[in-house]
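Structure at a glance
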Amino acid sequence: MSNTDDSGTPPEERGPSGPAPRRGAYMEQLQRLGESGLFSPAQWRRRVLFWSGAVLVGLAAVGMASAADALFGVFKSVVAHSRYWPLLITPLTFAVLAWLTQGVLKPTRGSGIPQAMAALEVEDESFRKSLLSLRIAIGKMALTLTALLGGASVGREGPTVHVGAGLLYTLGRRFGFSDAVGAGRFILAGSAAGLAAAFNTPLAGVVFAIEEMSGAFEHRMSGILLTAVIIAGVVSLGILGNYAYFGRFDIMLPLGKAWLAVLATGLVCGLAGGLFARLILPHDTGLRGVVGRLRARQPVVFAACCGLALVLLSLLTHTGLYGTGYEQAKAILAGHSDTVQGFGALKFLGNIASYWAGIPGGIFSPALAVGAGLGNNISALMPGTDPSAVVLLAMAAYLSGVTQAPLTATVISMELTANQQMALPIMAACLLARAVSTLVCRKPVYHALADRLVAGYQQELERHAALERVQAAAAEGRDDPEDEALLARPVPVEDPSALHVMPDEPPPERPAP
């Protein structure tokens, strides 16, 4: 009589309640689970790092926001005592910042978003480290706060993106994720989390990462991005509470003649935004060439002159042009502003003066303030339309004109005011503004500045390689006219956010024959 059951399993392999599964099958299943993304130890290590980094980015954004408000409050109290104190304080602050950012802190200049974009594009560890090291992130925070303490017309949102990218990139490298692709994911997630936590705009953080930071969005990055943004946003919400940056505005734009405001704001603000972007992009000729040469020749003195120009422009207003412009923009949006009618144009010039100085600071919030001022002017020409609706359209359209990122401008404007009724007119105004802006400035400003950083780095690599070839040729007693000509070419006019990561040495003298 056979000792097997109906399944053919011998007694020694049978369990108490029937056939026992083979040990080999169990091991294969466990191995497959271990290799899957859900249970992979390496993937969980990466996830924990992303989550921890997102918490750090959220804390940094909240800390930076609170410190910025406190320090700018100190400056406002000084101005309240005497509106002429900034004639001394602001130029001196600009000069000190220009001096501090001439050495190793040079990558802290400007907004910080182009630095993150350039680091995402170039998969070279030395280049990325020069832009996103922990020292640069801390320096960016400290110097941006100093700029606000001195009254500079700058924002903190771009620097928060830079800091977020730097923190996550440093954390990833510290724990062994130094491969180029993996490091790029840390940079992208840190940038998105930084913007989301800075403005309390989680959707805008994700859209910004897709539209601006990443040329090709990977499907598997979506979960990482969303998780980083959510965690950074939760940290911000837990500390600051659930708030809209400009408050909640229940406004709408009914179909009909009121939609002429979409056309007006799209055209005017798109043109103004494109002009601003064109003026802050470095160039070797024209007005921008003159500015670049003056800044390169005497950076500290030039920065002080820019600070003085900002103060003189501010003296033409009741509320000043200092800082982000948040209070003026909020007051204009609410319809009870006491600032001058020309606030938008004056803030436009103040933003240019602050950027030309080459000091750390962003352009997001100041751009919204310019848009609010321009919207206030446009609404005066459209008496049958809700002024607040026109102002909101103008803010979004001007930001879209400056950045040429209409989706980001649309989402961020809706989240800043907790308003969804204006979604369609805002999107239409942003798309029109982007189209008009490209007529003045062909390339988006952040992309153009990032490309300049990348081109400068590549040029320095070429110069360094040419220098080595010239040295080798000199040691052999022969000429290398092609490389010597390359080294003899003048370096292009310096821009505020340029950096140098390769040694700049003169070519050696050839020994006499």
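Residues numbered from 1 in each chain as written. Predicted model: local features only at pLDDT ≥ 70, side-chain atom pairs only at ≥ 80, totals over all residues. Heavy atoms only, no water.

Attention now moves to the side chain of arginine 156. Here arginine 156 shows up in the loop between helix H6 (134-149) and helix H7 (157-174). From its side chain, arginine 156 meets the backbone oxygen of alanine 198 in a polar contact 3.2 Å long. Non-local contacts of arginine 156, meaning those with residues more than four positions away in its chain, are made with Met64, Ala65, Ala68, Thr144, Ala198 and Tyr245. (Helix = DSSP H or I, 4+ residues; strand = E, 2+ residues; numbered from the N terminus. Polar contact = N/O pair within 3.5 Å; in protein donor to acceptor, adjacent residues only side chain to side chain. Contact = heavy atoms within 4.5 Å.)

Attention now goes to the nonpolar core. Core analysis: the largest hydrophobic core is formed by 119 residues, its most contacted members being Phe246 and Tyr398. In terms of residue count, helix H17 (residues 387-403) provides more of this core than any other element does, 12 residues in total. With residues near it in sequence (within four places) discarded, tyrosine 398 still touches Cys269, Ala272, Gly273, Phe276, Phe348, Ala367, Val370, Gly371 and Leu374. One finds Leu167, Ala189, Ile231 and Ala232 within the second-largest nonpolar core, a separate group that totals 18 residues. (Core = buried A, V, L, I, M, F, W, Y, C linked by side-chain atoms within 4.5 Å. Buried < 20%, exposed > 50% of the residue type's maximum accessible area, 1.4 Å probe, protein only.)

What follows is about a nonpolar patch on the surface. Where nonpolar side chains cluster on the molecular surface, the patch consists of Val55, Leu56, Leu59, Ile239 and Leu240 and spans about 400 Å² of accessible area. Looking at which element gives the most residues to the nonpolar patch, the answer is helix H2 (residues 41-81), with three residues. Tracing the chain through its elements places valine 55 in helix H2. (Patch = residues over 30% accessible without salt bridge, like charges linked within 9 Å, V, L, I, M, F, W, Y side chains within 5 Å. Areas by Shrake-Rupley, 256 points an atom, 1.4 Å probe, with all protein chains shown as cover. Salt bridge = Lys/Arg side-chain N within 4 Å of Asp/Glu carboxyl O.)

The tally for this structure, following the rule as stated, stands at four salt bridges. Here lysine 443 makes a salt bridge to aspartate 451, at a shortest N to O gap of 2.1 Å. Residue lysine 443 is classed as partly exposed on the basis of its relative accessible area, which comes to 40%.

Following both chains from N to C, one finds helix H4 (residues 113-121) and helix H8 (residues 180-199) inclined at 155°, their axes separated by 9 Å at the closest point. Accordingly, the angle class assigned to the pair H4 and H8 is roughly antiparallel. Between H4 and H8 the crossing geometry is left-handed. Together, Ala116, Ala119 and Leu120 of H4 and Gly184, Ile187, Leu188 and Ser191 of H8 make up the contact between the two elements. Class assignment for the residues of the contact of H4 with H8 results in five nonpolar, two polar and no charged. (Axes fitted to C-alpha atoms, helices over the stretch in contact; angles between N-to-C directions. Parallel < 35°, antiparallel > 145°, perpendicular 65-115°, else oblique. Left-handed = near helix turned anticlockwise from the far one by under 90°. Nonpolar A, V, L, I, M, F, W, Y, C, P; charged D, E, K, R; others polar.)

Packed helices, taken two at a time, are described by their axes: the angle between them and the distance between them. It is the contact of H7 with H8, at a shortest axis distance of 7 Å, that shows an interaxial angle of 145°. When you trace H7 past H8, the crossing you get is right-handed. Two secondary-structure elements touch here, H7 through Glu157, Thr160, Val161, Gly164, Ala165, Leu168, Tyr169 and Gly172 and H8 through Ala183, Phe186, Ile187, Ala189, Gly190, Ser191, Gly194, Leu195, Ala198 and Phe199. Looking at side-chain class alone, the contact of H7 with H8 contains 11 nonpolar, six polar and one charged residues.

This brings us to the layout of surface pockets. Using a probe with the size of a water molecule, rolled over the atoms, empty space left in the structure can be pinpointed. One number sums up the size of the largest pocket: a volume of about 710 Å³. Looking at the largest pocket, it is lined by 32 residues, and the ones nearest its centre are Phe72, Lys76, Tyr326, Glu327 and Gln328. At the level of secondary structure, the elements contributing two or more residues to the lining of the largest pocket comprise H2 and helix H14 (326-334). Counting residues per element, the lining of the largest pocket draws most heavily on H2, which supplies nine residues. Per-class residue counts for the lining of the largest pocket are 13 nonpolar, 13 polar and six charged. (1 Å grid on protein atoms, 1.4 Å probe; cavity = no way out; pocket = protein on both sides within 12 Å on 5 of 7 lines; lining within 4 Å. Points joined across faces, edges and corners; volume = space filled by probe spheres on them.)

Keep in mind that these numbers describe shape and distance, not what the molecule does.
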